[in-house]
Amino acid sequence: MARLPSNAIPCRPAHLLYLAEGMRPDEQAQFLAVTGMDAFSVDAAAAYLIATADASQGFAITVLTDDNLPAAAGGFQPVAPGVWSAWMVGTTEGWAQQWRSLTKATLWLMDRVFETGAHRVQTCALTSREKAIEWFERSLGFKAEGVQRHFGIRGEDIAQFSRLRGE
């Protein structure tokens, strides 16, 4: 069972505003693809992330950098009975510095979600986000389920992943 890193704290709206301001370009592209917005807006991204964190029902955390700034925040929200969807946003510097803590915190969160009775957690990524996909599969144990071709608002392909309880 994964342990929660000491630099993981409850997710707060101020963290999400900070992370929206420093959102990585690949995450901005995915945000635009799934929301249908024409251009990236920090305010719109922050509002979307805050609403998503609110829907996460207590399964949202922030991992801090060595300077006590948000490296990344993420969580899981219910989308169907027993099915939870993952979300995460981070800065380039935060990921580079805290990827191990981010992995441990995400695995810890997944354990909590499965303890509540979930039988499936899922996530997605633009197929161009190769490093994110590698992290999902290698570090978090997600299995690829396929690609939704031209699912994004501008025709982007989006890969789907899941992990089942007990895997």
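You'll find the structure just up there.
Structure report, in brief. What you see is a predicted model; the values in this text were computed from it and never measured. (Residues numbered from 1 in each chain as written. Predicted model: local features only at pLDDT ≥ 70, side-chain atom pairs only at ≥ 80, totals over all residues. Heavy atoms only, no water.)

Glancing now at the overall build of the protein chain. A count of helices and strands for the protein chain gives 5 helices and 7 strands. Moving toward the C terminus, one meets the helices and strands of the protein chain in the order β-α-α-α-β-β-β-α-β-α-β-β. For 167 residues, the compact-globule estimate of 2.2 N^0.38 gives 15 Å, and the C-alpha radius of gyration of the protein chain, at 15 Å, lies within 12% of that figure. The principal-axis extent of the C-alpha atoms belonging to the protein chain is close to 40 × 35 × 25 Å. Looking at the protein chain residue by residue over its 167 residues, the buried ones come to 47%. Considering only intrachain contacts with a sequence separation of at least 6, the fraction spanning at least 24 residues in the protein chain is 64%. Carbon and sulfur atoms make up 53% of the accessible area of the protein chain, which amounts to about 8600 Å² in all. Once the 15 positive and 18 negative side-chain charges of the protein chain are each reduced to a mean point, those two points are 8 Å apart. (Helix = DSSP H or I, 4+ residues; strand = E, 2+ residues; numbered from the N terminus. Rg over C-alpha atoms; globule rule 2.2 N^0.38 Å. Buried < 20%, exposed > 50% of the residue type's maximum accessible area, 1.4 Å probe, protein only. Contact = heavy atoms within 4.5 Å. Areas by Shrake-Rupley, 256 points an atom, 1.4 Å probe, with all protein chains shown as cover. Lys, Arg positive; Asp, Glu negative; His and termini not counted. Charge placed at Lys NZ, Arg CZ, Asp CG, Glu CD.)

Spatial strand order, E1-E2-E3-E4-E5-E7-E6: 7 strands in an open sheet with mixed pairing. Two strands in the sheet have a free side with no partner beyond their single neighbour: strand E1 (8-10) and strand E6 (143-148). Adjacent strand axes in the sheet meet at a mean angle of 30°, parallel and antiparallel pairs treated alike. As defined by bridge partners, E6 adjoins strand E7 (residues 158-164) across 5 bridges and the pair is classed as antiparallel. (Pairing = 2+ DSSP bridges. Axes fitted to C-alpha atoms, helices over the stretch in contact; angles between N-to-C directions.)

Mapped onto the fold, Glu-156 is located in the loop between E6 and E7. Leaving out residues up to four positions away in the same chain, Glu-156 has contacts with Ala-33, Leu-126, Gln-148, His-150 and Phe-151.

We now examine the packing of helix H1 (residues 13-21) against helix H3 (residues 42-54). Describing two packed helices takes the angle between their axes plus the distance from one axis to the other. Between H1 and H3, the shortest axis-to-axis distance is 8 Å and the interhelical angle comes to 140°. The pairing of H1 with H3 is recorded here as oblique in orientation. H3 is crossed by H1, and the crossing has right-handed handedness. For the pair H1 and H3, contact is made by Pro-13, Leu-16, Leu-17, Ala-20 and Glu-21 and by Val-42, Ala-45, Ala-46, Leu-49, Ile-50 and Ala-53, respectively. Here the residues of the contact of H1 with H3 sort into 10 nonpolar, no polar and 1 charged. (Parallel < 35°, antiparallel > 145°, perpendicular 65-115°, else oblique. Left-handed = near helix turned anticlockwise from the far one by under 90°. Nonpolar A, V, L, I, M, F, W, Y, C, P; charged D, E, K, R; others polar.)

The subject of this paragraph is the pattern of salt bridges. The tally for this structure, following the rule as stated, stands at 8 salt bridges. For the salt bridge of Asp-26 with Arg-129, the shortest nitrogen-to-oxygen distance reads 2.8 Å. In this pair, Asp-26 sits in helix H2 (residues 25-35) while Arg-129 sits in the loop between strand E5 (120-126) and helix H5 (130-139), placing the two residues 103 residues apart along the sequence. You can call Asp-26 partly exposed: its relative accessible area is 26%. Take Arg-129: its relative accessible area is 9%, and that puts it in the buried class. (Salt bridge = Lys/Arg side-chain N within 4 Å of Asp/Glu carboxyl O.)

The next thing to look at is the pairing of E5. Counting buried residues in E5 gives 5 out of 7 residues, a clear majority hidden from the surface. Of the pairings in the sheet, the one linking strand E4 (residues 83-90) to E5 comprises 3 bridges and is parallel in character. Its bridge partner lying in E5, Trp-84 is registered against Val-121. Chirality of the crossover, the property in question, places the unit of E4, helix H4 (residues 92-115) and E5 among those that are right-handed. The pairing of E5 with E7 spans 7 bridges and is classified as antiparallel. What sits directly across from Cys-124, in E7, is Gln-160. (Right-handed = clockwise from strand over helix to strand, strands pointing away.)

A word on the layout of surface pockets. By volume, the largest pocket amounts to about 1200 Å³. Contributions of two or more residues to the lining of the largest pocket are made by H2, H3, strand E3 (70-80), E4, H4, E5, H5 and E7. (1 Å grid on protein atoms, 1.4 Å probe; cavity = no way out; pocket = protein on both sides within 12 Å on 5 of 7 lines; lining within 4 Å. Points joined across faces, edges and corners; volume = space filled by probe spheres on them.)

Geometric descriptors of this kind do not, in isolation, establish any biological role.
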